[in-house]
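Descriptive structure summary
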Amino acid sequence: MAGTGPSRKAEPRLARQEELALLPRIEQQAGERLRGHPAWPVFAACPTDVVAFEQGWLRQSLWVIEGGNGEVVGYLLAGVLGSDFHVQQMDVLPAHGGKGYGRTLLRHALMQAAERGHHRAVLTTLSDVPWNADFYASEGFRVVPRAAWSDAMQSVMAEEAAAGFPMTLRVVMLQEF
């Protein structure tokens, strides 16, 4: 059905250097959806550092997806945490939300992770926002109990706590492949 999902041409691809400047705007607009949520002040005050986007681009772990008009409408930034593929940040412009762009980005990145020899993907997200934990669960991720967090993940969660995230609402999720 037209208009309900990404077009067949909407294939994720590695970001181009000149597109890095677009990503903070996408993140900021996507973050607006959290206005009023207890995590909103942290997201508003702690956007992804431009250096993180540059590093993701350099290690070829930053993918974008274009909308029907060729505009970049979303991205996924990843890294490695221990030996796990780490989904660090994924955002889609709200005007393009719910159309499958995020799902397409995630599936592409996970396929790339497997091709690169990873057997697991990890991420942290909000437990109470449907387009966060519920979305990732629908893609095969499961919540990891605190006792099973790796040392590296414990460090990530400590950084998030120090930034002021409401940690009662943060979860670690994992997918094995």
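Scroll up to find the structure.
We now turn to the structure provided with this report. (Residues numbered from 1 in each chain as written. Predicted model: local features only at pLDDT ≥ 70, side-chain atom pairs only at ≥ 80, totals over all residues. Heavy atoms only, no water.)

Once that is clear, we can look at helix α4 (residues 101-115). Over its 15 residues, α4 extends 21 Å from the first C-alpha to the last, a length consistent with the 21 Å expected when each residue adds 1.5 Å. Residues of α4 that are buried: Tyr-101, Gly-102, Leu-105, Leu-106, His-108, Ala-109, Leu-110, Gln-112 and Ala-113. Residues of α4 that are buried sit in contact with β2 (62-66), β3 (72-81), β4 (84-92), β5 (120-126), α5 (130-138) and β7 (170-176). Phi turns positive one or two residues past the end of α4, at Gly-117, with a value near 95 degrees. (Helix = DSSP H or I, 4+ residues; strand = E, 2+ residues; numbered from the N terminus. Expected span 1.5 Å × (residues − 1). Buried < 20%, exposed > 50% of the residue type's maximum accessible area, 1.4 Å probe, protein only. Contact = heavy atoms within 4.5 Å.)

Moving on: the sheet that holds β4. Taken in spatial order, the seven strands line up as β1-β2-β3-β4-β5-β7-β6 in an open sheet, and their pairing is mixed. Of all the strands in the sheet, just β1 (13-14) and β6 (142-143) have a single pairing partner and so form its edges. As defined by bridge partners, β6 adjoins β7 across two bridges and the pair is classed as antiparallel. The partner of Arg-142 across the bridge, within β7, is Leu-174. (Pairing = 2+ DSSP bridges.)

This next bit is on the packing of aromatic side chains. The final tally for this structure, using the stated rule, is five aromatic pairs. Between Phe-53 and Tyr-75, the ring centres sit 5.3 Å apart and the planes meet at 85 degrees, which makes this aromatic pair edge-to-face. In this pair, Phe-53 sits in helix α3 (residues 50-58) while Tyr-75 sits in strand β3, placing the two residues 22 residues apart along the sequence. Like Phe-53, the residue Tyr-75 is buried in the burial classification. Geometrically, the ring pair formed by Tyr-136 and Phe-141 is edge-to-face, given 5.7 Å between the ring centres and 75 degrees between the ring planes. Neither Tyr-136 nor Phe-141 differs from the other in exposure class; each is buried. Lying over the aromatic face of Trp-131, Arg-33 brings its terminal NZ or CZ to 3.8 Å of the ring centre. (Phe/Tyr/Trp six-rings, centres within 6.5 Å; stacked < 30°, edge-to-face > 60°. Lys NZ or Arg CZ within 6 Å of the ring centre and 35° of its normal.)

Look at α4 against α5: their axes get within 11 Å of each other, and the N-to-C directions meet at 55 degrees. Of the possible angle classes, the one that applies to α4 and α5 is oblique. Handedness of the crossing formed by α4 with α5: right-handed. On α5, the residues that touch Gly-102, Arg-103 and Leu-106 of α4 are Phe-135, Tyr-136 and Ser-138. For the contact of α4 with α5, the per-class residue count stands at three nonpolar, two polar and one charged. (Axes fitted to C-alpha atoms, helices over the stretch in contact; angles between N-to-C directions. Parallel < 35°, antiparallel > 145°, perpendicular 65-115°, else oblique. Left-handed = near helix turned anticlockwise from the far one by under 90°. Nonpolar A, V, L, I, M, F, W, Y, C, P; charged D, E, K, R; others polar.)

All we've got here are geometric facts, nothing functional implied.
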